[in-house]
Amino acid sequence: MCTTCGCGTGETRVDGKALSEPGNGHEGNGGNLPPKPLGNDQGHGPSGMIYSAVTALGGHAHHHAGGRQQAHGHEHGTGHDHRHDSLHEHGHGEVGREASTTQSRLVQIERDLLAKNDGFAAANRSRFEEQGIFALNLVSSPGSGKTTLLCRTVEALRTELSIAVIEGDQQTSRDAERIRATGAPAVQINTGKGCHLDAHMVGHALPELSPADDSLLLIENVGNLVCPAAFDLGEAHKVVILSVTEGEDKPLKYPNMFHAASLMLLNKVDLLPHLAFSRELAISYARQVNPALQVIQLSATTGEGFDQWLAWLRAGCTATQEKKRATMASLRRRIAELEARISAASGG
């Protein structure tokens, strides 16, 4: 159920406040608006993917009792005859061509929807780069230990780094409350039926959170190893968490997520003596999907391996801040060059 594709629209809340529809403004991006939405933004209504697809194919959608939406891929004219069985009488030729055309249009619609998300993500990324914010998108199955990992991370780094957290869950604000108890600011995004965060949601959460310059922003996505892989939030890296209480073959079953990630945290390693889990096999499968994937083995409960994770975070923050300083220095040099040219041209 993807909010960006239409499912769950109207249910998203940022710290309890309803999220405006994409295309109605993106207050969180400093005025950098994404590309205009597809068509008249019908793709973000109830069952929006179906609605957009049918509309693009020249059909229509309407509602039945109980809120069920029925789509038709044909035109209603005066006195037209519903002969649905006629499709089966054409043979494979005409029906095959129609199915091929329909599929190609649906693929294009999906690409347009993802492109719209990418526009919001680019605005978020621009803000992060301007502020020197190292932003991470933490993804995993439910129960992998993401929130426990974040709490321990905040407690370990809060005296040396400014840290802010965006929490994503379908319901409740429990995880945000756990984060706030560590002393870090946190904003809860509830996606309702939505199965992942998208860049538009994150953009609206940023003004509520107001992350500081040169800070660390940790975004805990909804527990799901499928949809979050496709949605850029503007982060520097996706960090996938795999716990040893899951199967070693998760990377093979959900390859898109592990391919999209820069780092895999193998969590709950303190439980290995009690489980029939091969860490070597899990890492091998992950690197079979993504040979460049970095791996850190740790326990968010005991702190084992945490020094390596914290060092990785410090290095990322330092690199982000250095990039910001280099960009600012380059801009200052460019301004000085332009001012010198203007002065020379005016004979000053």
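Preceding block: the structure.
As a starting point, this report considers the structure included with it. As the structure is a computational prediction, the values presented were derived from the model and not from experiment.

1. A word on the overall build of the chain
- For the chain, the helix and strand inventory stands at nine helices and 11 strands.
- Across the 348 residues in the chain, those meeting the buried criterion constitute 45%.
- Across the chain, the fraction of contacts at a sequence separation of at least 24, relative to all contacts at a separation of at least 6, is 70%.
- As presented, the chain carries roughly 17200 Å² of accessible surface, and 51% of it is formed by carbon and sulfur atoms.

2. Brief notes about the layout of surface pockets
- In this model, the second largest pocket occupies a volume close to 300 Å³.
- Lining the second largest pocket are 17 residues, and of these Phe128, Glu129, Ile133, Thr320 and Lys323 sit closest to its centre.
- Contributing elements (two or more residues each) for the lining of the second largest pocket: helix H2 (92-131), strand E5 (134-140) and helix H9 (306-345).
- When residues of the lining of the second largest pocket are assigned to their parent elements, the largest contribution, seven residues, is made by H9.
- Grouping the constituent residues of the lining of the second largest pocket by class yields seven nonpolar, four polar and six charged.

3. Structural notes on unusual backbone geometry
- The phi torsion at Thr172 lies on the positive side, around 70°, for a residue other than glycine.
- For Thr172, the location among the structural elements is in the loop between strand E6 (163-169) and helix H4 (174-180).
- Positive phi values are uncommon outside glycine, yet Ser210 reaches one of about 50°.

4. Overview of the state of the cysteines
- Within this structure, the stated rule accounts for zero disulfides.
- Take Cys195: it sits in no disulfide, and the sulfur closest to it among the cysteines is that of Cys227, at 3.4 Å.

5. What to know about the pairing of strand E8 (residues 216-220)
- A large share of E8 lies buried, amounting to five of its five residues.
- Alternating positions in E8 separate into two faces, Leu216, Leu218 and Glu220 on one and Leu217 and Ile219 on the other, with burial throughout.
- When E5 meets E8, the two strands line up parallel, connected through five bridges. Looking at E8, one finds that Phe134 is bridged to Leu216.
- The sheet contact formed by E6 and E8 spans five bridges and is parallel. Bridging across to E8, Ala164 finds its partner in Leu217.

6. Re the side chain of Asp169
- Examined against the element boundaries, Asp169 turns out to sit in strand E6.
- Here Asp169 sits buried without a salt bridge, and the closest side chain of opposite charge, Lys146, lies 6.6 Å off (N-O distance).
- Setting aside its immediate chain neighbours within four residues, Asp169 contacts Asp175, Gln188, Ile189, Asn190, Thr191 and Val222.

7. A few points about the packing of aromatic side chains
- Under the criterion given, the structure shown has two aromatic pairs.
- Between Phe134 and Trp312, the aromatic rings sit 6.0 Å apart at their centres with planes inclined by 50°, giving tilted as the arrangement. With Phe134 in strand E5 and Trp312 in helix H9, this residue pair connects regions lying 178 residues apart in the sequence.
- By relative accessible area, which is 3% here, Phe134 ends up buried.
- Residues Trp309 and Trp312 carry aromatic rings whose centres are separated by 5.9 Å and whose planes lie at 15° to one another, so their mutual orientation is stacked. With Trp309 and Trp312 both in helix H9, this residue pair falls three residues apart, about one helical turn. Exposure class is identical for Trp309 and Trp312. Each is buried.
- Site record: aromatic cluster; members linked through ring pairs are Phe134, Trp309 and Trp312.

8. Digging into helix H8 (residues 279-289)
- Every buried residue of H8 is accounted for by Ala282, Ile283, Ala286 and Val289. Looking straight down H8, one finds its buried side chains confined to an arc of 120°; they lie on one side. Facing away from the buried side of H8 by more than 90 degrees, the exposed set consists of Glu280 and Gln288.
- Buried-residue contacts for H8 involve strand E9 (237-243), helix H6 (250-253), helix H7 (255-260), strand E10 (263-267) and strand E11 (294-297).

9. Some points on the nonpolar core
- Counting residues in hydrophobic clusters, the biggest one holds 30 residues, and the most contacted among them are Leu136, Leu149, Leu216, Leu265, Trp309, Trp312 and Leu313.
- Going through the elements one at a time, E5, helix H3 (146-157), E6, H4, E8, E9, E10 and H9 are the ones with two or more residues in this core.
- No other element matches the six residues that H9 contributes to this core.
- Not counting the four nearest positions on each side in its chain, Leu216 is found in contact with Phe134, Leu136, Leu157, Leu161, Ser162, Ile163, Ala164, Leu313 and Cys317.
- Among the nonpolar cores identified, the runner-up in size contains 20 residues, and Ala229, Met264, Leu266 and Val289 belong to it.

10. Focus on the packing of H3 against H9
- Where H3 contacts H9, the two axes come as close as 11 Å, and the packing angle between them is 70°. With respect to H9, the axis of H3 lies roughly perpendicular. Where H3 crosses over H9, the two elements pack in a sense that is right-handed. Residues Leu149, Arg152, Thr153, Ala156 and Leu157 of H3 touch H9, and the partners they reach there are Phe306, Trp309, Leu310, Leu313 and Arg314.

The rules behind these values
- Residues numbered from 1 in each chain as written.
- Predicted model: local features only at pLDDT ≥ 70, side-chain atom pairs only at ≥ 80, totals over all residues.
- Heavy atoms only, no water.
- Helix = DSSP H or I, 4+ residues; strand = E, 2+ residues; numbered from the N terminus.
- Buried < 20%, exposed > 50% of the residue type's maximum accessible area, 1.4 Å probe, protein only.
- Contact = heavy atoms within 4.5 Å.
- Areas by Shrake-Rupley, 256 points an atom, 1.4 Å probe, with all protein chains shown as cover.
- 1 Å grid on protein atoms, 1.4 Å probe; cavity = no way out; pocket = protein on both sides within 12 Å on 5 of 7 lines; lining within 4 Å.
- Points joined across faces, edges and corners; volume = space filled by probe spheres on them.
- Nonpolar A, V, L, I, M, F, W, Y, C, P; charged D, E, K, R; others polar.
- Disulfide = S-S within 2.5 Å.
- Pairing = 2+ DSSP bridges.
- Lys, Arg positive; Asp, Glu negative; His and termini not counted.
- Salt bridge = Lys/Arg side-chain N within 4 Å of Asp/Glu carboxyl O.
- Phe/Tyr/Trp six-rings, centres within 6.5 Å; stacked < 30°, edge-to-face > 60°.
- Arc of directions from axis to C-beta.
- Core = buried A, V, L, I, M, F, W, Y, C linked by side-chain atoms within 4.5 Å.
- Axes fitted to C-alpha atoms, helices over the stretch in contact; angles between N-to-C directions.
- Parallel < 35°, antiparallel > 145°, perpendicular 65-115°, else oblique.
- Left-handed = near helix turned anticlockwise from the far one by under 90°.

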